[in-house]
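# Analysis of the macromolecular model
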There are 2 protein chains.
Amino acid sequence: MKALTDPAPGDTDGGATIYQVAERADVSIATVSRVLRGTAPVAAATRARVEAAMAALRFTPSRLGVSLAERHHAANGIVFPDLSGPYFAEVVLGYEEVAAEVGRSVLILSTHGRQAAREMVLDLAARVDGMVVLARTVDDEVIAEVLGKNIPVVVVARDRVRGADSVNAENEHSAEALGAHLAAHGHRSFAFMGDPEISADAYHRWTGLTRALRAHGVNVPQRPVACPFDEDGGREAAAVLLGTDPPDALVCANDEIALGAITAAEQMGIRIPDDLAVTGWDDVMAARHSRPGLTTVRQPMRQLGAWAARRLHERLGGDTSAPRHEVLPTQLVVRASCGHHNKEDR
Amino acid sequence: MKALTDPAPGDTDGGATIYQVAERADVSIATVSRVLRGTAPVAAATRARVEAAMAALRFTPSRLGVSLAERHHAANGIVFPDLSGPYFAEVVLGYEEVAAEVGRSVLILSTHGRQAAREMVLDLAARVDGMVVLARTVDDEVIAEVLGKNIPVVVVARDRVRGADSVNAENEHSAEALGAHLAAHGHRSFAFMGDPEISADAYHRWTGLTRALRAHGVNVPQRPVACPFDEDGGREAAAVLLGTDPPDALVCANDEIALGAITAAEQMGIRIPDDLAVTGWDDVMAARHSRPGLTTVRQPMRQLGAWAARRLHERLGGDTSAPRHEVLPTQLVVRASCGHHNKEDR
DNA sequence: GCCGGGTCTGTAAGCGCTTTCACGAGGGGG
DNA sequence: CCCCCTCGTGAAAGCGCTTACAGACCCGGC
């Protein structure tokens, strides 16, 4: 179980190259390449010799060599702000899943709000055939720069960028539906938490909400309460807000903010939903397990990523049609945090 | 704002190469490379010309060319079963964060329990300088194969593999502590949910639990209840278990199983914690928002990934010392789901 | 017997970089 | 005034593959 099948001594490093295989099989590297890819007929006997040599040397072609010769990477990238919440993780998962299906590796890049985002994205661009950019991780001009290198880009959860495909979850209508539902509950004083400046989604949710409130003759809050999109952000901002001028309905740009706000409210002795209605966005796992259950808007997070991956694949397949802009439907999920309902509340 | 700074016509594709820059600056490609990397002195005037040319052509060196010449990828991979739960997402995030800090791109690969895992991992191995493997995504022999190509591997949440570094969260002691706590609550009939066959973590948790039970003279369940590590898995398995032979304490291998079990129990009219204690593992966001709050064991998920990234970096820096095996501490988090306590229950 | 057409294989030219080596031009010390 | 060293630069050899292009060989048909 040794000797014969062991790699030739001396190939201490990395792995065998096509040259070593060729030499061992006593053929030219062209022939090895041909059996590797099946691009041309190879005599059965020769093929057998080559295959034996490959096996003996545990040969795996160098991706670098292949890619350089083929002039593409067979890899795609995805850029997101961070992976801390469930939202981006789900999108990335949906993306990876279909990317893998169509045979492309995926490189991830989290900008972490770092200054160097531009450089990082450009570096990524040099390693992939195409990429998807989530939310406002980088400026439009960086995306333009990437597109300028002939690398297709599809943006997700972000306003359209010239020359790039895009996919978003529907925001305004669901925000209107949410606002209408809340107004029907009798809530008259609203606040919106989340920063429309740093998230296109938040912007459209805010827009839709204000429109609904106006339509229902409800006072529209002056401005959104800008806060980070995580639990701490929601908790801290809510603590301030509820301490000074408590509204009776709190519409949050995502579930984490909402859950943070609920924590703050409970600490202050404010009862949900009796004293304060709170709603989120996304429908993450914690939303359905929290008590009261969090009223929220479910987004097709996985599908967002999947759509992006498929579109990118089409582009890389040579599709040069005009950019497409997809909007995926969302769904209002009413639970107990926005007020009591007839049904058994949870 | 046109003309001068525009890329030369004709470079319709991909991007400029070092040759075009060299030609435009009227120097050799060696000189361009030198200003690019600062590896040798270049006269100020020459440097300026080259830089101007690079800017005009929007030149970015081809990663493929660089890597092939440098003989490494400047990229690492990470393999995980899937990203659906918060656990793996957090580990990946922790990994990406430090990998990015030390200047390495990261490739992700989710095996999704696919048959082709071996091929996928080997393909990944051809694209990276090192990789981390989470849990039991592939067999030891695949890892050996990767190591054989001189690619360092660090495994996470998995038993040791010859030749690879490893990092795990402490399992047995915390499981014992958990078991002791539960026994002190007076629970006498236990069940464990999660499949020790497919998760090293689950195996050690099961082991620790049984040891604690024995130490406290409590009946040890015959065997664990094998179920998928997600909510549905927990819910379905719990529905069966609670319908036939309900224990009074249910120790689950992760929070999602636990949350699913709680859902099933509530549907059957079983009260938590009065009729049944339930505990999880990980301390994900939903664990602290669910009511009753879920008693669980907090794992340093981010740090698991971060440690792996750092260790890999050391290896790639030339460290050839014996494999290191790190165990990160965990923390029992007692909430209401395991029984009433003196403190205000949540 | 010669020719056209497969089949199979090798030669060599890239792909876009890095880096070694060699060389010419200046400059300071002896 | 010559030698030696440093500085600045170009030529060219890789890195590990893919893929024209071309040549050798073997058939069968005329």
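Since the structure is predicted, the reported quantities are computational estimates derived from the model, not experimental observations.

Turning next to the overall build of chain A. Of regular secondary structure, chain A possesses 13 helices and 11 strands. Relative to a compact globule of 346 residues, whose C-alpha radius of gyration would be 20 Å, chain A shows 27 Å and is clearly more extended. C-alpha atoms of chain A, sized along the principal axes, occupy 85 × 45 × 40 Å. Counting the 346 residues in chain A, one finds 53% classified as buried. Here chain A holds 36 positive side-chain charges and 45 negative ones, and the gap between their average locations is 6 Å.

Turning to the relation of the copies chain A and chain B, a few remarks are in order. Between the two copies of this chain, the relationship is a rotation about some axis together with a displacement along it. Overlaying chain A with chain B gives an RMSD of 0.1 Å, the required rotation being 180° about an axis along which the chain moves by 0.0 Å. The operation mapping one copy onto its partner corresponds to a two-fold rotation axis. Both copies share a contact surface, since 100% of the interface residues of chain A are interface residues in chain B too.

This next bit is on the sheet that holds strand S6 (residues 190–193) of chain B. Residues and elements named next belong to chain B. Read across the open sheet, the 3 strands follow the order S6-S7-S8; overall the sheet is parallel. The open sheet has two edge strands, S6 and strand S8 (277–279), and neither has a second partner. Strand-to-strand twist in this sheet, taken as the mean axis angle between neighbours without regard to direction, amounts to 15°. As paired elements, S6 and strand S7 (residues 249–252) share 4 bridges and run parallel to each other. When the sheet's bridge partners are listed, Phe 192 is paired in S7 with Val 251.

A word on the domain arrangement of chain A. Residue and element names in this part refer to chain A. Each assigned domain of chain A is listed here: domain 1 (3–69), domain 2 (75–169 + 301–329) and domain 3 (172–299 + 332–338). Inter-centroid distance (C-alpha atoms) of domain 2 to domain 3 is 29 Å. Regarding the contact of domain 2 and domain 3, the summed buried area is about 900 Å², with carbon and sulfur atoms giving 48% of it. Taken as a group, Tyr 87, Arg 136 and Met 301 account for 50% of the area that domain 2 buries against domain 3, more than any other trio of residues on that side. Connecting domain 2 to domain 3 are 4 residue pairs in polar contact (both at pLDDT 80 or more). Listing elements by their share of the side of domain 2 that touches domain 3, those giving two or more residues are helix H5 (86–101), strand S5 (165–169) and helix H13 (301–316).

Let's shift gears to unusual backbone geometry. For residues other than glycine, phi is negative in most cases, and the peptide bonds are mostly trans. Each neighbour pair has its own omega, and for Ile272(A) with Pro273(A) the value is 5°, a cis peptide bond. By the secondary structure assignment, Pro273(A) is in the loop between helix H11 (255–267) and strand S8 (277–279). One non-glycine residue, Asn150(A), lies in positive phi territory at about 70°. Structurally, the position occupied by Asn150(A) is in the loop between helix H7 (140–148) and strand S4 (153–156). The partly exposed category is assigned to Asn150(A), whose relative accessible area is 43%. Positive phi outside glycine occurs at Ala135(B), with the angle close to 50°. Structurally, Ala135(B) is set in the loop between strand S3 (130–134) and helix H7 (140–148).

The next thing to look at is the pattern of salt bridges. All names here are of chain B. Applying the stated criterion to the full structure yields 48 salt bridges over all chains. Of the charged contacts, one joins Arg 63 and Glu 70 as a salt bridge, the two residues approaching to 3.9 Å between their closest N and O atoms. On the basis of relative accessibility, which here comes to 16%, the residue Arg 63 falls in the buried class. For Glu 70, a relative accessible area of 27% corresponds to the partly exposed category. Residue Arg 104 pairs with Asp 129 through a salt bridge whose shortest N-O separation is 3.2 Å. Remark: Asp 129 occurs in the loop between helix H6 (117–125) and S3 and Arg 104 occurs in the loop between helix H5 (86–101) and strand S2 (105–110); sequence separation between them is 25 residues.

So, on to the sheet that holds strand S7 (residues 249–252) of chain A. All names here are of chain A. Taken together, the 3 strands give an open sheet; going across it, the order is S6-S7-S8, and neighbouring strands pair in parallel fashion. Looking at which strands have only one partner, the edges of the open sheet turn out to be strand S6 (190–193) and S8. Strand after strand, the sheet turns through a mean of 15° between neighbouring axes, direction not considered. For S7 and S8, the ladder comprises 3 bridges, and the chain directions are parallel.

Procedures and definitions
Residues numbered from 1 in each chain as written. Chains lettered and ligands numbered in written order. Predicted model: local features only at pLDDT ≥ 70, side-chain atom pairs only at ≥ 80, totals over all residues. Heavy atoms only, no water. Helix = DSSP H or I, 4+ residues; strand = E, 2+ residues; numbered from the N terminus. Rg over C-alpha atoms; globule rule 2.2 N^0.38 Å. Buried < 20%, exposed > 50% of the residue type's maximum accessible area, 1.4 Å probe, protein only. Lys, Arg positive; Asp, Glu negative; His and termini not counted. Charge placed at Lys NZ, Arg CZ, Asp CG, Glu CD. Least-squares fit on C-alpha atoms with pLDDT ≥ 70 in both. Contact = heavy atoms within 4.5 Å. Pairing = 2+ DSSP bridges. Axes fitted to C-alpha atoms, helices over the stretch in contact; angles between N-to-C directions. Domains from an automatic or database assignment. Buried area = accessible area lost by both parts, 1.4 Å probe. Polar contact = N/O pair within 3.5 Å; in protein donor to acceptor, adjacent residues only side chain to side chain. Salt bridge = Lys/Arg side-chain N within 4 Å of Asp/Glu carboxyl O.

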